[in-house]
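Here's the letter readout for the chains.
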Amino acid sequence: MAGSEIFGSEEIKAATDVIERKMIHRYGSHDIRGGIYRAEEFEAAAREISGAKYALALSSGTAALITALKGIGTEPGDEIITSPFTFIATVEAIVACGAIPILGDLDETLSLDPASAERLISPRTRAIMPVHMFGAATDMDKFTALGKKYSLPIIEDACEVVGGTYKGRALGGIGDVGAWSFDPNKTLTVGEAGMLFTNDRDIWFKMDCYHDHGHIHSKEHDRGAEGKFGFGVNYRISEIQGALGTVALKKLPQALAALRAAKKKIVEAGEAAGLTPRPMHDAEGDTASHVIFILPSAEAAKKFQKAAKEAGSGCGIISENTWHYAKHWKALEEMGGKEYFGGRTPSYAPETMTQAEGLLSRAVLFGLNIKMSGDEMEKMTAAIQSGAKAAL
């Protein structure tokens, strides 16, 4: 699954327009750019989908998560509660801010368990960062309630679920800050980019300044004359990414429709074979980027995997996924139990994640493409049926 599957003449035209106008930088040159700001158009389109008041385009989803943490005032030694089942960038963003990752348990949907997150709240907790993984939403009602109860910001890591919803609201637009990703492996891509959302103008202003060397952006002054808010970094996107992003978001409905249609057929075939799909907090809002079945045991999952591969369509077992499960991150494990900016990190040894392991070792995973032929669908369906026969 990758957004480049649906690249076409529209992307070529959009990128060519930017190049021919020789206006690559998203900021400045106000008097010669003819009022054309492609990055701003990208932000406006994303803002409309999200329902948030403010949107900020950045160079990656990772940059978005770091900037979100900076925007809420994260300081070295703060604790950020998040999930052990996530892309490593979630934890990397926390560490990049000098904060301490605190990993909770999972619920049956494989999302961060709100009850576990509440148990982990301490005087050092700065924020809770639930992660919407592989198409499906976390329980945002409970996380929103937690944020209000303890006066803690909720940062939605929605990098995996662009276009997904929870009870009719766009994922990424529900928490105090939310992040999307447009990297090459996401449903939509512009090469590399991220997007942040918030309804809080103060948070948006801090994020906007931080992501571009502390610049206070204003069209009343040209580049370099705007003034500085403070130190920052360079997480800007270019006008080319902005142009591509505007095109990509127009294609979001067709991409989601194709994925959802394919997933529906595959899941129905699995259910007919006796398999249990991953439960969801809101199945209608699923982006359908992945198909996950929950097997009765880790042993059954391995039997399923072997049989599916032999039938011609391999699948993963999530507990073995080195990119998306904290148990495998040696650098994180080595951080455990050490003094860290005035605090002490917890242990991140694999044995501290037994609850997550019990769920993830039973979860088998198939990735879907936006464009899947009938033959590909039949092959995957047959493999799932063979896997079910071997495992159940």
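Structural notes, computed from the coordinates. (Residues numbered from 1 in each chain as written. Predicted model: local features only at pLDDT ≥ 70, side-chain atom pairs only at ≥ 80, totals over all residues. Heavy atoms only, no water.)

1. Here we look at the overall build of the protein chain
Assigned secondary structure in the protein chain consists of 13 helices and 15 strands. Radius of gyration (C-alpha) of the protein chain: 21 Å, near the 21 Å computed for a compact globule of 392 residues. Taken along its principal axes, the extent of the C-alpha atoms in the protein chain is 65 × 55 × 35 Å. Counting the 392 residues in the protein chain, one finds 55% classified as buried. Taking all contacts inside the protein chain whose residues are at least 6 apart in sequence as the whole, residues at least 24 apart take part in 67%. Split by element, the accessible area of the protein chain, about 16200 Å² in all, is 53% carbon and sulfur. (Helix = DSSP H or I, 4+ residues; strand = E, 2+ residues; numbered from the N terminus. Rg over C-alpha atoms; globule rule 2.2 N^0.38 Å. Buried < 20%, exposed > 50% of the residue type's maximum accessible area, 1.4 Å probe, protein only. Contact = heavy atoms within 4.5 Å. Areas by Shrake-Rupley, 256 points an atom, 1.4 Å probe, with all protein chains shown as cover.)

2. Digging into the packing of aromatic side chains
Scanning all chains against the criterion turns up 10 aromatic pairs. Relative to Phe229, the ring of Phe205 has its centre 5.2 Å away and its plane inclined at 85°; by these criteria the two rings are edge-to-face. Here Phe205, found in helix H7 (residues 201-210), pairs with Phe229, found in the loop between H7 and helix H8 (239-250); they are 24 residues apart in sequence, far enough to count as distant. Summarising the aromatic geometry, the rings of Tyr210 and Tyr235 are spaced 6.4 Å apart at their centres and angled 65° between planes, so their arrangement reads as edge-to-face. One end of the pair, Tyr210, is in helix H7; the other, Tyr235, is in the loop between H7 and H8, with 25 residues separating them in the sequence. Given the relative accessible area of 16%, Tyr210 is considered buried. Overall, the relative accessible area of 19% leaves Tyr235 in the buried class. (Phe/Tyr/Trp six-rings, centres within 6.5 Å; stacked < 30°, edge-to-face > 60°.)

3. A look at the packing of helix H10 (residues 298-310) against helix H13 (residues 374-391)
Where H10 meets H13, the closest approach of the two axes is 7 Å, and the angle between their N-to-C directions is 140°. When the axis of H10 is compared with that of H13, the two are oblique. Of the two possible hands of crossing, H10 and H13 adopt the one that is right-handed. Between H10, through Ala300, Lys303, Phe304, Ala307 and Ala308, and H13, the contact on the second element is made entirely by Ala383, Ile384, Ser386, Gly387, Ala388, Ala390 and Ala391. Its residues assigned to classes, the contact of H10 with H13 shows 9 nonpolar, 2 polar and 1 charged. (Axes fitted to C-alpha atoms, helices over the stretch in contact; angles between N-to-C directions. Parallel < 35°, antiparallel > 145°, perpendicular 65-115°, else oblique. Left-handed = near helix turned anticlockwise from the far one by under 90°. Nonpolar A, V, L, I, M, F, W, Y, C, P; charged D, E, K, R; others polar.)

4. Thoughts on the sheet that holds strand S9 (residues 194-198)
With mixed pairing, 4 strands are arranged side by side in an open sheet as S1-S9-S8-S5. Two strands bound the open sheet, and with one partner strand each, they are strand S1 (54-58) and strand S5 (155-157). Across the sheet, the mean angle separating the axes of adjacent strands is 20° when strand polarity is ignored. With 3 bridges joining them, S5 and strand S8 (residues 177-181) adopt parallel strand pairing. Of the residues in S8, the one forming a bridge with Asp157 is Ala179. (Pairing = 2+ DSSP bridges.)

5. Side note on the sheet that holds strand S10 (residues 276-277)
Strands sit in the order S10-S11-S15-S12 across an open sheet of 4 strands; the sheet is antiparallel. Of all the strands in the sheet, just S10 and strand S12 (316-317) have a single pairing partner and so form its edges. As judged from the 5 bridges shared by strand S11 (residues 290-294) and strand S15 (residues 363-367), these two strands associate in the antiparallel manner. By the bridge assignment for S15, Val291 is matched with Phe366.

6. Quick word on unusual backbone geometry
Where the residue is not glycine, phi is negative for most of them; where a peptide bond is considered, it is trans in most cases. Non-glycine residue Lys22 carries a positive phi angle of around 55°. The residue Lys22 is located in the loop between helix H1 (9-21) and helix H2 (38-50) in this model. Residue classification places Lys22 among the exposed positions, given a relative accessible area of 68%. The phi dihedral of His213 is positive, around 60°, even though this residue is not glycine. Summarising the element assignment, His213 is placed in the loop between H7 and H8.

7. So, the side chain of Ser60
Looking at the element boundaries, Ser60 is found in the loop between S1 and helix H3 (61-71). In this structure Ser60 comes out as buried when scored by relative accessible area, which is 17%. Of note is the side chain of Ser60, whose polar atom sits 3.4 Å from the backbone nitrogen of Thr62. Dropping the residues within four chain positions of it, Ser60 is found in contact with Ala193 and Gly194. (Polar contact = N/O pair within 3.5 Å; in protein donor to acceptor, adjacent residues only side chain to side chain.)

8. Observations regarding H13
An α-helical segment advances 3.6 residues per turn. Residues three or four places apart therefore align on the same side. In this model H13 runs 26 Å from its N-terminal to its C-terminal C-alpha over 18 residues, within 8% of the 26 Å that 1.5 Å per residue would give. Turning to H13, its buried residues are Met377, Met380, Thr381, Ala383, Ile384, Gly387, Ala388 and Ala391. Seen along its axis, H13 keeps its buried residues to an arc of 160°; they face one direction. Exposed residues pointing more than 90 degrees away from the buried face of H13 are listed as Asp375, Glu378 and Lys389. (Expected span 1.5 Å × (residues − 1). Arc of directions from axis to C-beta.)

By themselves, these are just geometric observations and shouldn't be taken as functional.
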